[in-house]
Amino acid sequence: VIEKGMPEWSAVTTCAYCGVGCSFIAEMKGEDVVRMVPYKAGKANRGHSCVKGRFAYGYAIHKDRILRPMVREKITDPWREVTWEEAFRHVANEFRRIQYQYGRSAVGGITSSRCTNEETYLVQKLVRQGFRNNNVDTCARVCHSPTGYGLKTTFGTSAGTQDFDSVEQADVVMVIGANPTDGHPVFASRLKKRLRQGAKLIVLDPRRIDLVRSPHVEAAFHLPLKPGTNAAVLNALAHVIVSEGLFDEAFIRERCDWDEFQDWAQFVLEPENSPEAVEQVSGVPAETIRGAARLYATGGNAAIYYGLGVTEHSQGSTTVMAIANLAMATGNIGRPGVGVNPLRGQNNVQGSCDMGSFPHELPGYRHISEDATRAIYEALWGVKLDDEPGLRIPNMLDAALEGSFKGLYIQGEDILQSDPNTRHVADGLAAMECVVVHDLFLNETANYAHVFLPGSTFLEKDGTFTNAERRINRVRKVMEPKNGYADWEVTQKLAQSLGLDWNYAHPSEIMAEIAATTPSFAGVSYELLDREGSVQWPCNEKAPTGTPVMHVGGFVRGKGKFIRTAYVATDEKTGPRFPLLLTTGRVLSQYNVGAQTRRTANVVWHEEDRLEIHPFDAENRGIRDGDWVKLASRAGETTLRAKITERVAPGVVYTTFHHPATQANVVTTEYSDWATNCPEYKVTAVQVTPSNGP
Ligand code: SF4
């Protein structure tokens, strides 16, 4: 695709799977991509990739893609193909009717972390300017919303502190609730390289993940905590650091509020936070907690990387703040080799949150109640904005069941399969009068849709994704949209059908609007991205080529804030009926609910989700390796095959959720993070019994 005279970067695009954000050159044959070649100059991947990214083009050309818009009156009717114009007119008429009949707040929109920054920005703009409410949410709700809350509260900004290069200067790495080998393979390779060079590793995970012991890598400490006890263990680590005087007093006095630190120190020294007390709660031996705390506090540059095993809990936000407390107490913030780094699951979780797709925040994490921020958008968009937060995804579904929410535009997200409590989602969707699904395939949510708008793949559009290190990477169109319109154009057409005066000729113009209104993006432009390859926000007058490491010399919020992070046990309890705890994760070759990877060559590398169970629990139940088992919880049940392994401890079972046949979220609970409603996917009380199969 690189023709003579063209700069190499003109064919470089970004993987649309995980938050590493690998750069690729897409090689073409005729109209279609036939090979994805990792780009050597890509700053996130430096010429590496994993098996997902290499074969991602497969779903772009898959026969299952829906390429024509479809409409139906009732969800039991057959689909009817219509023209794009008819589809846009129908949606506009329906949403206007619903708002006239039920009120302005009866409609909303959901965007996805798979979408570009520009697309996400347009969806929240459509909701705020077009629907005139704040009922916009994103699938980051169900993964990293606690990261947003926790890091904003403690440090002042909702993002990881480091670039990936930083790991090369870490002496100690603590991995909490993440399995980089499977979830973030290219970053995992860099991490393992650093470990092979001698950096020490601490792993907090209920499961013995690959990093704990793999060729040439062995964790100094593995803390196999009981699911749901992250906050307790982190408080115990802090207890050791404070009680043994291992904290960095000079850093704390200079960069944080000393009185707040003292208050926090008093809290962590309380007896229930001692290693012995926490051993009773978490199952992690007190001496292991002590050893890990000493290593983290005294081993040199110490960096923390964490994943959904931290956030998807009823104490997700608490746990993120407990991690921030540890980093501040030991002075491990504000230079290369240290920091607090969320490993983002989806390609654009970071960007999706940055772009204001939460019901309480405008782009750049500015609260909707801030008069000065609203005034910027009111002047630009010519409407008065609501100063009250809108509805989150679960609240939209609740409101639908109560009869006050009737219309929903869902871009790039299969909420029926990926959100918890599938029955609740299905009932909520069924209670609506106009559900619009804008996606590549007829997904599970589309079973409840009245309008289907075909989506475009990352290969068919221009835009940007922001990866886990805040790096804004270009997505470049290498093939024409097979459905006729890139996703940003579809949202623009919808807006125009609603009477809005939108006339973007190219996503670069959307980015120009983002830059003009969002201080952390003020310096970002497509010209800059073409020149630099990529930049990490904040990118503005003070940092014209971006910011690899944040909080250097001072926290974004001023003084770093210590928070008391009391451990509160989840309401999801085991008992005689449901004696085991289920936790979930991913495999290397698959991506989330598998809608894309199951339509690529990757399908053959993971044919089914299996339930990992400890030999002790399996034997007690008469289960042999490979047997069918029934997995039941208070919410529902499903059937899958057992895999007997000591990777999980007795009392804990584990599965992946890549296949719709498994429907793991049928069993997950209704509990969620107290601050953000992020579902508690990682802790479900279950029973496992032999079964004859589905
Ligand atoms: Fe890179 Fe992640 Fe894509 Fe793999 S899935 S190629 S690690 S961005």
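Conventions we followed
Residues numbered from 1 in each chain as written. Predicted model: local features only at pLDDT ≥ 70, side-chain atom pairs only at ≥ 80, totals over all residues. Heavy atoms only, no water. Helix = DSSP H or I, 4+ residues; strand = E, 2+ residues; numbered from the N terminus. Rg over C-alpha atoms; globule rule 2.2 N^0.38 Å. Buried < 20%, exposed > 50% of the residue type's maximum accessible area, 1.4 Å probe, protein only. Areas by Shrake-Rupley, 256 points an atom, 1.4 Å probe, with all protein chains shown as cover. Lys, Arg positive; Asp, Glu negative; His and termini not counted. Charge placed at Lys NZ, Arg CZ, Asp CG, Glu CD. Near = heavy atom within 4 Å. Nonpolar A, V, L, I, M, F, W, Y, C, P; charged D, E, K, R; others polar. Pairing = 2+ DSSP bridges. Axes fitted to C-alpha atoms, helices over the stretch in contact; angles between N-to-C directions. Contact = heavy atoms within 4.5 Å. Phe/Tyr/Trp six-rings, centres within 6.5 Å; stacked < 30°, edge-to-face > 60°. Lys NZ or Arg CZ within 6 Å of the ring centre and 35° of its normal. Polar contact = N/O pair within 3.5 Å; in protein donor to acceptor, adjacent residues only side chain to side chain. Parallel < 35°, antiparallel > 145°, perpendicular 65-115°, else oblique. Left-handed = near helix turned anticlockwise from the far one by under 90°. Core = buried A, V, L, I, M, F, W, Y, C linked by side-chain atoms within 4.5 Å.

1. Structural notes on the overall build of the chain
Helices and strands together make up the secondary structure of the chain, namely 23 helices and 28 strands. Relative to a compact globule of 694 residues, whose C-alpha radius of gyration would be 26 Å, the chain shows 24 Å and is just as compact. The principal-axis extents of the C-alpha atoms in the chain amount to approximately 70 × 65 × 55 Å. The burial tally for the chain puts 64% of its 694 residues in the buried class. About 24200 Å² of surface is accessible on the chain, with carbon and sulfur atoms providing 49% of the total. Charge centroids of the chain, computed over 74 positive and 82 negative side chains, lie 3 Å from each other.

2. Brief notes about the site of the ligand
Around the ligand, the neighbouring residues are C15, Y17, C18, G21, C22, F24, C50, K52, G53, P185 and V186. Within the shell around the ligand, the residues separate by chemical class into 8 nonpolar, 2 polar and 1 charged.

3. What about the sheet that holds strand β2 (residues 23–29)?
Spatially, the 3 strands line up as an open sheet ordered β1-β2-β3, and their pairing is antiparallel. The sheet terminates laterally at β1 (12–14) and β3 (32–38), the two strands that pair on one side only. Direction aside, the axes of adjacent strands within the sheet are offset by 45° on average. Note that β2 and β3 share 6 bridges and pair antiparallel.

4. Notes on the sheet that holds strand β9 (residues 200–204)
Spatial strand order, β12-β9-β8-β13-β14: 5 strands in an open sheet with parallel pairing. Looking at the sheet topology across the chains shown, the edges are occupied by β12 (221–223) and β14 (339–342). On average, each strand axis in the sheet is tilted by 15° relative to the strand beside it, whichever way the strands run. Relative to strand β13 (residues 302–306), strand β8 (residues 172–176) runs parallel, the two sharing 5 bridges. Residue M174 lies in a different strand from β13, and its bridge partner there is I304. This element, helix α8 (residues 230–243), spans β8, β9 and β12 of the sheet and lies at about 155° to β8.

5. So, the packing of aromatic side chains
If you walk through the whole model with that rule in mind, you get 21 aromatic pairs. Measuring from ring centre to ring centre gives 5.2 Å for F155 and F555, while their planes differ by 25°; the resulting arrangement is stacked. Of this pair, F155 sits in the loop between α5 (145–154) and β8 while F555 sits in the loop between β22 (534–536) and β23 (580–585), and the two are 400 residues apart along the sequence. There is no split in this pair, since F155 and F555 are both buried. Among the aromatic residues, those joined into a cluster by ring pairs are F247, W258, F261, W264 and F562. One Lys or Arg, R72, reaches over the ring of W79 and ends 3.9 Å from the middle of that ring.

6. Topic: the environment of R392
Tracing the chain through its elements places R392 in the loop between α16 (371–381) and α17 (393–402). Along the backbone, R392 and V648 are 256 residues apart, and their C-alpha atoms lie at a distance of 34 Å. Polar side-chain contacts of R392 include one of 3.1 Å to the backbone oxygen of A675.

7. A short note on helix α20 (residues 487–497)
Count 3.6 residues to each turn of an α-helix, and residues three or four apart come out pointing the same way. Taken residue by residue, α20 has D487, W488, V490, T491, Q492, L494 and A495 as its buried positions. Here the buried face of α20 lies against α3 (84–102), α4 (117–131), β17 (407–411), β18 (434–439), β19 (451–454) and α21 (507–517). Backbone geometry just after α20 places G499 at a positive phi near 95°.

8. Side note on unusual backbone geometry
The omega torsion across W537 and P538 is 0°, close enough to zero to call that bond cis. Within the fold, P538 resides in the loop between β22 and β23. For R132, which is not glycine, the phi dihedral falls at a positive 65°. Assessed through its relative accessible area of 31%, R132 is described here as partly exposed. Here the phi dihedral of R470 falls at roughly 65°; this positive angle occurs in a residue that is not glycine. Assignment of secondary structure puts R470 in the loop between β20 (463–466) and β21 (471–475).

9. Remarks on the packing of α8 against helix α11 (residues 275–282)
Contact pair α8 / α11: the axes reach a minimum separation of 9 Å and the direction vectors enclose 165°. On the basis of the axis angle, α8 is roughly antiparallel to α11. Our pair here, α8 against α11, has a crossing hand that is left-handed. Two secondary-structure elements touch here, α8 through A232, V233, A236, H239 and V240 and α11 through P275, V278, V281 and S282. Here the residues of the contact of α8 with α11 sort into 7 nonpolar, 2 polar and no charged.

10. Description of the nonpolar core
Judged by nonpolar contacts, the single largest core of 60 residues is most densely connected at Y121 and L453. Residue contributions to this core peak at 7 residues, all from α3. In this structure, Y121 is in contact with M355, P363, Y377, W381, Y504, I510, E513, I514 and T517, ignoring residues within four places of it in sequence. In terms of nonpolar packing, the next biggest core, distinct from the first, is built from 51 residues, W258, A297, I304 and V340 among them.

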